[in-house]
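# Chains, contacts and geometry: an overview
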Amino acid sequence: MQNQWKSEPTAEDGIGTVSAAPLNQKLKAESRRKWLRKFYGQRHIQIMALLGIAWMIVFNYIPMYGVIIAFKEFNIVKSIGEAPWVGLQHFKEFFQDDNFVTVMRNTLGISLIKLFVGFPLPIIFALFLNEVRSIRFKRAVQTISYLPHFLSWVILGGILTNWLADIGIINHMLMALKIIEEPISYLAEPSYFWGIVVASDLWKELGWSAIIYLAAISSVSPELYEASTIDGAGRFQKMWYVTLPSIKSTISILFILAVSGVLSSNFDQILVLRNSLNESASNVIDLYVYQTGMQSGRYSYSAAVGLFKSVIALILLLIANKVTKKLNDTSLF
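From a predicted model like this one, the values you see are computed outputs, not experimental measurements. (Residues numbered from 1 in each chain as written. Predicted model: local features only at pLDDT ≥ 70, side-chain atom pairs only at ≥ 80, totals over all residues. Heavy atoms only, no water.)

### Comments concerning the environment of Ile-155
Take Ile-155: it is sitting in helix H7 (residues 153-163). In this structure, the C-alpha to C-alpha distance between Ile-155 and Ala-126, residues 29 residues apart in sequence, is 26 Å. (Helix = DSSP H or I, 4+ residues; strand = E, 2+ residues; numbered from the N terminus.)

Following this line, the structure appears as structure tokens:
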């Protein structure tokens, strides 16, 4: 009876250890061989992924070392390591700069208008476009709305400069409609600049921004629409009570990303449309960094300003992510 109830050998007895170690090694070797076979079977996809990772490391992570020049007095004659440390001196200079208030006002003003106007309009456009029953008309509208996205701001800037000139088509139309009596130099007036930037950005990106919402809408179950039809819901009620709640996670993710980019103005657009006459309304952070760094040669100072913008963007991203997670349980992380 004593032999019948005797327990199995354990690691403490020194018996199990001898047989377990080779078994674990065999399992690890077999798992490694399976992984290698799987990797070889997917070698073409894996090579593409590895190339993308290598590109990201070389162009996104390795250059981050250069951020330390924001805390140094960097000179192109010497290396980054030889540059003397100055701490937060460049950040203090930026906060005390006469242009600080103007730059922050223009950046926040343009970006917030784009956020509150430019963010919901693609959603509304996608909702209404989804309700169009004529496939031919729907495709025509999509093509027309997508087309400006594929044109660079250099081309669109030239078109806008001609349209908004004293003898441009905008002035001719407004004068023909008796809305104005004399032509207006829109790009020479700082008061019009923010409106021109927001309107031209919508013109260029409205259709393209709506693509992701149309893709999200296409995944909504048709049974929900059928059930709402049985309940007597109209088209607007379906959009409000069925479509919007079904794509709220997509809207939340894009809203988080939009909030994090509040301090990132469209550099190409601003650079093309600005001039010396509207400088008081067009001087934003991105342009300020370009002017102080590339034109004035103040590399450490411009790096400090760029780092300040990036830190604020990270803080806004974390705040927006936390708020959306509490409101509708959707977040990036």
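Alright, that's what it looks like, and here's the rest.
### So, unusual backbone geometry
Residues other than glycine seldom take positive phi values, yet Lys-178 does so here, at roughly 65 degrees. Within the secondary structure, Lys-178 is located in the loop between helix H8 (169-176) and helix H9 (190-218). According to the relative accessible area criterion, Lys-178 is exposed, its value standing at 72%. In the Ramachandran plot, Asp-329 falls in the positive-phi region, its phi being about 60 degrees despite a non-glycine side chain. Secondary-structure assignment places Asp-329 in the segment after helix H16 (299-328). (Buried < 20%, exposed > 50% of the residue type's maximum accessible area, 1.4 Å probe, protein only.)

### What to know about the packing of helix H10 (residues 222-230) against helix H11 (residues 235-246)
Across the interface, H10 lies against H11 with an axial gap of 10 Å and an inter-helix angle of 160 degrees. On the basis of the axis angle, H10 is roughly antiparallel to H11. The crossing of H10 and H11 is right-handed. Residue-level inspection shows Leu-224, Tyr-225, Ser-228 and Thr-229 of H10 in contact with H11, the latter providing Lys-238, Val-242, Thr-243 and Ser-246. Grouping the amino acids of the contact of H10 with H11 by side-chain chemistry returns three nonpolar, four polar and one charged. (Axes fitted to C-alpha atoms, helices over the stretch in contact; angles between N-to-C directions. Parallel < 35°, antiparallel > 145°, perpendicular 65-115°, else oblique. Left-handed = near helix turned anticlockwise from the far one by under 90°. Contact = heavy atoms within 4.5 Å. Nonpolar A, V, L, I, M, F, W, Y, C, P; charged D, E, K, R; others polar.)

### Things to note about a nonpolar patch on the surface
Taken together, the side chains of Leu-50, Ile-53, Trp-55, Met-56, Ile-57, Val-58, Phe-59, Tyr-61, Ile-62, Met-64 and Val-67 make up a nonpolar region of the molecular surface, amounting to roughly 1,100 Å² of accessible area. One can find Val-58 in helix H2 (residues 43-61). Since its relative accessible area comes to 43%, Val-58 is described here as partly exposed. (Patch = residues over 30% accessible without salt bridge, like charges linked within 9 Å, V, L, I, M, F, W, Y side chains within 5 Å. Areas by Shrake-Rupley, 256 points an atom, 1.4 Å probe, with all protein chains shown as cover. Salt bridge = Lys/Arg side-chain N within 4 Å of Asp/Glu carboxyl O.)

### Side note on the nonpolar core
Membership of the largest hydrophobic core comes to 25 residues, with the highest contact counts inside it found for Phe-119, Ile-123, Ala-126, Tyr-213, Ile-217, Ile-247 and Ile-251. When contributions to this core are tallied by element, the ones reaching two or more residues are helix H5 (120-130), helix H6 (135-146), H9, H11, helix H12 (248-260) and H16. The residues contacting Ile-123, other than those within four sequence positions of it, are Tyr-213, Leu-244 and Ile-251. (Core = buried A, V, L, I, M, F, W, Y, C linked by side-chain atoms within 4.5 Å.)

### Considering helix H15 (residues 285-295)
All of the buried residues in H15 are Ile-285, Asp-286, Leu-287, Tyr-288, Gln-291, Thr-292 and Gly-293. Where H15 is buried, its residues meet helix H3 (89-96), helix H4 (100-118), helix H13 (267-273), helix H14 (279-282) and H16. Following H15 by one or two positions, Gly-297 has its phi on the positive side, about 75 degrees.

### Here we look at the environment of Thr-243
Among the secondary structure elements, Thr-243 is positioned in helix H11. You can call Thr-243 buried: its relative accessible area is 1%. Sequence separation between Thr-243 and Asn-130 is 113 residues, and the spatial gap between their C-alpha atoms is 9.9 Å.

### Regarding the packing of H5 against H11
If you want to describe how two helices pack, look at the angle between their axes and the distance between the axes. In the contact formed by H5 and H11, the axes pass within 11 Å of each other and the chain directions differ by 115 degrees. As H5 runs across H11, the sense of the crossing is right-handed. Taken together, the residues of H11 that come into contact with H5 (itself represented by Ile-123, Leu-127 and Phe-128) are Phe-236, Met-239, Thr-243 and Leu-244. Of the residues assigned to the contact of H5 with H11, the class counts are six nonpolar, one polar and no charged.

### Things to note about the pattern of salt bridges
Side chains that carry opposite charge are capable of pairing whenever their charged atoms lie near each other. Going through the model one piece at a time under the given rule, you end up with eight salt bridges. The salt bridge partner of Arg-33 is Glu-30, with a shortest N-O separation of 2.7 Å. Taken as a pair, Arg-33 and Glu-30 lie in helix H1 (residues 16-41) at a separation of three residues, close to a single helical turn. What makes Arg-33 partly exposed here is its relative accessible area of 41%. Residue Glu-131 is joined to Arg-133 by a salt bridge in which the shortest nitrogen-to-oxygen separation is 3.7 Å. Linked by salt bridges that have partners in common, Glu-30, Arg-33 and Arg-37 make up one network.

### Description of H11
The first and last C-alpha atoms of H11 sit 15 Å apart over 12 residues, in line with the 16 Å expected at 1.5 Å per residue. Inspection of H11 places Lys-238, Met-239, Val-242 and Thr-243 among the buried residues, and these make up the whole buried set. Mapping the buried residues of H11 onto a view down its axis gives an arc of 125 degrees, with all of them on the same face. Across from the buried face of H11, at angles greater than 90 degrees, the exposed residues are Phe-236, Trp-240 and Tyr-241. Where H11 is buried, its residues contact H5, H9 and H10. (Expected span 1.5 Å × (residues − 1). Arc of directions from axis to C-beta.)

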